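Take a look at the letters that make up each chain.
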Amino acid sequence: QVQLVESGGGLVQAGWSLRLSCTSSGITFVINAIGWYRQVPGKQRELVAEIPSGGRTVYADSVKGRFTVSTDNAKDAVYLQMNGLKVEDTAVYYCRYQGRGPLRWYDEWGQGTQVTVSS
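Residues numbered from 1 in each chain as written. Predicted model: local features only at pLDDT ≥ 70, side-chain atom pairs only at ≥ 80, totals over all residues. Heavy atoms only, no water.

A.B. asks: Can you help me understand the packing of aromatic side chains in this one?
C.D. replies: Aromatic rings in a pair are described by how distant their centres are and how their planes are angled relative to each other. One pass over the structure, following the stated rule, counts three aromatic pairs. Considering the side-chain rings of Phe29 and Tyr106, the 4.6 Å spacing of their centres and the 15° angle between planes classify their relative orientation as stacked. Pair noted here: Phe29 is in the loop between strand S3 (18-25) and strand S4 (30-39) and Tyr106 is in strand S10 (residues 105-109), with a separation of 77 residues, a long-range link. This pair shows no difference in class: Phe29 is buried, exactly as Tyr106 is. (Phe/Tyr/Trp six-rings, centres within 6.5 Å; stacked < 30°, edge-to-face > 60°. Helix = DSSP H or I, 4+ residues; strand = E, 2+ residues; numbered from the N terminus. Buried < 20%, exposed > 50% of the residue type's maximum accessible area, 1.4 Å probe, protein only.)

The structure is reproduced here in structure tokens:
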């Protein structure tokens, strides 16, 4: 059973920083991509940053230069360093692991962590 657990969210003022963490367990598939997404009520979940296997890290235009995604060496955890936070960064942030096993594709999500940025 795959489990992804996010932490590090909270309430901060605009301009401050937060570091989100996502720890994984039970992953037995070949990882194709690891990333962070976010969602606000009434809107679709959107990509924040993603590390594809063997490819270049992708960032949403709105976070380029402010956010940095990284993993540990074993890819058991993924982090999102968020600097220069803006009110519009307020959302629930989710980590996502995608990959393939011998029988099927895996698309796993964490439960989300709330980030609220006040002006």
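A.B. asks: Got a minute to help me understand the nonpolar core in this structure?
C.D. replies: Side chains of nonpolar character tend, in soluble globular proteins, to be buried together. In this structure, Trp36, Leu80, Met82 and Tyr93 are the most contacted members of the largest nonpolar core, which totals 28 residues. If you list the elements that add at least two residues to this core, you get S3, S4, strand S5 (46-52), strand S7 (67-71), strand S8 (77-82), strand S9 (91-100) and strand S11 (113-118). Among the elements that line this core, the one with the most residues is S9, at four residues. Setting aside anything within four residues of it in sequence, one finds Tyr93 in contact with Glu6, Leu20, Trp36, Tyr37, Arg38, Val48, Phe67, Leu80, Met82, Gly112, Thr113 and Val115. (Core = buried A, V, L, I, M, F, W, Y, C linked by side-chain atoms within 4.5 Å. Contact = heavy atoms within 4.5 Å.)

A.B. asks: Whenever I open this one, unusual backbone geometry confuses me. Can you help?
C.D. replies: Only a minority of non-glycine residues have a phi that is not negative, and only a minority of peptide bonds are not trans. Positive phi is not limited to glycine here, since Lys75 has a value of about 60°. As for its placement among the helices and strands, Lys75 is situated in the loop between S7 and S8. Since its relative accessible area comes to 31%, Lys75 is described here as partly exposed.

A.B. asks: Is there a simple way to think about the pairing of S11 in this case?
C.D. replies: In summary, the side chains of a regular strand alternate between the two faces of the sheet. Going residue by residue along S11, you find Thr113, Val115 and Val117 tucked away on one face and Gln114, Thr116 and Ser118 left uncovered on the opposite face. With four bridges joining them, strand S2 (residues 10-13) and S11 adopt parallel strand pairing. Each residue of the ladder has a partner; that of Val12, found in S11, is Val117. The sheet contact formed by S9 and S11 spans three bridges and is antiparallel. Within S11, the residue paired with Val92 across the bridge is Gln114. (Pairing = 2+ DSSP bridges.)

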